[in-house]
Amino acid sequence: MSVRVKIGQQVDWMTLYVMNRRISDNGAARFECPVTLQDVLAQTHVIEDETPLYQVTAPGEHKIRLATRMGDIECAVTVRPAAEASAPLLLYHHGLAEYPYTSTWNRLLPQKLSIPAHTVAVQAPYHTNIADPIRIGFSSTEHLYQMLAGSLRIMQYVQEQFARQGAAFTVVSGVSWGGITSLLYEGLFGATRATVPLFASPKLSQVIWDAAQMFGRDLPVSRDELDALLDFTPIYEHIDRRQVFPVLAEHDLFFRLENHAPLYDEESLVTLPLSHVGAMWFSNGAVRDQVFKALDWATDHPH
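Reading guide: rules and limits
Residues numbered from 1 in each chain as written. Predicted model: local features only at pLDDT ≥ 70, side-chain atom pairs only at ≥ 80, totals over all residues. Heavy atoms only, no water. Buried < 20%, exposed > 50% of the residue type's maximum accessible area, 1.4 Å probe, protein only. Helix = DSSP H or I, 4+ residues; strand = E, 2+ residues; numbered from the N terminus. Pairing = 2+ DSSP bridges. Salt bridge = Lys/Arg side-chain N within 4 Å of Asp/Glu carboxyl O. Disulfide = S-S within 2.5 Å. Contact = heavy atoms within 4.5 Å. Phe/Tyr/Trp six-rings, centres within 6.5 Å; stacked < 30°, edge-to-face > 60°. Axes fitted to C-alpha atoms, helices over the stretch in contact; angles between N-to-C directions. Parallel < 35°, antiparallel > 145°, perpendicular 65-115°, else oblique. Nonpolar A, V, L, I, M, F, W, Y, C, P; charged D, E, K, R; others polar. Arc of directions from axis to C-beta.

> Before we go on, may I ask you to explain the pairing of strand E3 (residues 73-80) in this structure?
A regular strand places its side chains on the two faces of the sheet in alternate fashion. For E3, a buried count of 7 out of 8 residues is recorded, marking the element as mostly surrounded by other parts of the structure. Pairing analysis gives 7 bridges linking strand E2 (residues 60-67) to E3, with the strands arranged antiparallel. Residue Glu61 lies in a different strand from E3, and its bridge partner there is Thr78. In this antiparallel pair of consecutive strands, E2 and E3, the connection spans 5 residues, and Gly71 shows a positive phi of 100 degrees. Of the pairings in the sheet, the one linking E3 to strand E5 (residues 118-122) comprises 4 bridges and is antiparallel in character. Across the sheet, residue Arg80 finds its bridge partner in E5, namely Thr119.

Here it is in structure tokens:
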């Protein structure tokens, strides 16, 4: 194992440790949830009166306000439209507690890069600062669902506006938490031609279980109960595997390769000899190739 990988895994370990410490310990109450992700999504809507349609497809950052079962939440999108209205749309979603939310998007798809697509970075609920994604987003399962549902509804809204203006099709991608969100978007809506989950899988429950085991922390729920809440594989199973272009890191302590690679088709999976956090900094070229591969595939495979 190289020095870079060892250092990367140490960073993974420290990041997981800090996140583990910051997650409020409300015991079993934190995992009690009377609703499903789909219930929360059904009660999450864009407040269109406060979101002018033209802004969603115009260049720059635009605020989007959501009406939710937990009250109104303000999020945002940053838009870089292509020269041609008929270009495809590439939706991108950041990782958990990524601040600002455009950090990995700017590294992966810098503005100076010529991209034959409209690109839009989506901000999840509770991501206006670095603390709230854990402090609020992980304070209960319902808040966690809301964090996902808010992004999903914004992605749907943005896609609809670009489609009205003639965008040829949509590809969705995201890193870590954003990779989960991307898979959920296609699994629930079936509205994209390709999905590119980066260093992620639908098994969020596995990530939480592995982290608890790593730090010797007893969870107040059983493995089966945790899976029932946070294993999104049943939603993922609605996706045609041919349109999934995943990337995993071989030394990832979050999404461990041995636990998440079996969910993907071997021929489409790209693995990189990096840790989770390290992959977000040192894999831009390889990840960009996978995104462009997905765009090319989607161009050649209309529904």
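> Would you mind going over the pattern of salt bridges with me for this structure?
Where side chains of opposite charge bring their charged atoms close, a pairing between them can arise. Counting across every chain of the model gives 8 salt bridges. Across the pair Asp132 and Arg135 runs a salt bridge, and its minimum N-O distance is 2.7 Å. In this pair, Asp132 and Arg135 both sit in helix H5 (residues 132-135), 3 residues apart, roughly one turn of the helix. Relative accessible area serves as the criterion here: at 12%, Asp132 is assigned to the buried category. Residue Lys203 pairs with Asp231 through a salt bridge whose shortest N-O separation is 3.0 Å. Remark: Asp231 occurs in the loop between helix H9 (223-230) and helix H10 (233-236) and Lys203 occurs in the loop between strand E7 (194-198) and helix H8 (204-214); sequence separation between them is 28 residues. One network of salt bridges, with partners in common, ties together Glu50, Arg65, Asp72 and Glu74.

> When you look at the state of the cysteines in this model, what are you seeing that I'm missing?
Covalently bonding the sulfur atom of one cysteine to the sulfur atom of another cysteine gives a disulfide. For the structure on display, the rule yields 0 disulfides. The structure places no disulfide on Cys33, whose sulfur is separated from the nearest cysteine sulfur, that of Cys75, by 19 Å. Judged by relative accessible area, Cys75 falls into the buried class, the value being 0%.

> For this particular structure, what's the right way to read the side chain of Thr233?
Structurally, Thr233 can be placed in helix H10. Relative accessible area serves as the criterion here: at 11%, Thr233 is assigned to the buried category. In this structure Thr233 touches Pro202, Lys203 and Leu263, once residues within four positions along its chain are discounted.

> Would you explain the packing of aromatic side chains in this entry?
Working definition: an aromatic ring pair is given by the centre-to-centre distance plus the angle between the planes. For the structure on display, the rule yields 7 aromatic pairs. For the pair Phe138 and Trp177, a centre-to-centre distance of 5.9 Å together with 55 degrees between the ring planes defines the contact as tilted. With Phe138 in the loop between H5 and helix H6 (141-164) and Trp177 in helix H7 (residues 177-189), this pair connects stretches of sequence that are 39 residues apart. As far as the burial class goes, Phe138 and Trp177 line up, both buried. Here Tyr236 and Tyr264 contribute two aromatic rings whose centre-to-centre distance is 5.9 Å and whose plane-to-plane angle is 85 degrees, an arrangement assigned as edge-to-face. On the criterion of sequence distance, the pair formed by Tyr236 in helix H10 and Tyr264 in the loop between helix H11 (257-260) and strand E9 (270-272) is long-range, its members being 28 residues apart.

> Would you mind showing me how to read the packing of H8 against H9 here?
Angle between the axes and distance between the axes: these two values describe a pair of packed helices. At a minimum axis distance of 8 Å, the contact between H8 and H9 shows a crossing angle of 140 degrees. As far as their axial angle goes, H9 and H8 are oblique. Residues Leu204, Ser205, Gln206, Ile208 and Trp209 of H8 form the contact with H9, whose participating residues are Arg223, Leu226, Asp227 and Leu230. Of the residues belonging to the contact of H8 with H9, the class tally is 5 nonpolar, 2 polar and 2 charged.

> What am I meant to see in the pairing of strand E6 (residues 170-175) here?
Of all 6 residues in E6, 6 are buried; the element is thus mostly enclosed. Judged from the 5 bridges that link them, strand E4 (residues 89-93) and E6 form a sheet pairing that is parallel. Each residue of the ladder has a partner; that of Leu91, found in E6, is Val172.

> So what exactly am I meant to see when it comes to H9 here?
Residues that lie three or four places apart on an α-helix share one face, since the helix turns once every 3.6 residues. When we look at burial in H9, the residues that qualify are Leu226, Asp227, Leu229 and Leu230. Seen along its axis, H9 keeps its buried residues to an arc of 165 degrees; they face one direction. Exposed residues on H9 whose side chains face more than 90 degrees from its buried face are Asp224 and Ala228. Those residues of H9 hidden inside the fold are in contact with H6 and H8.

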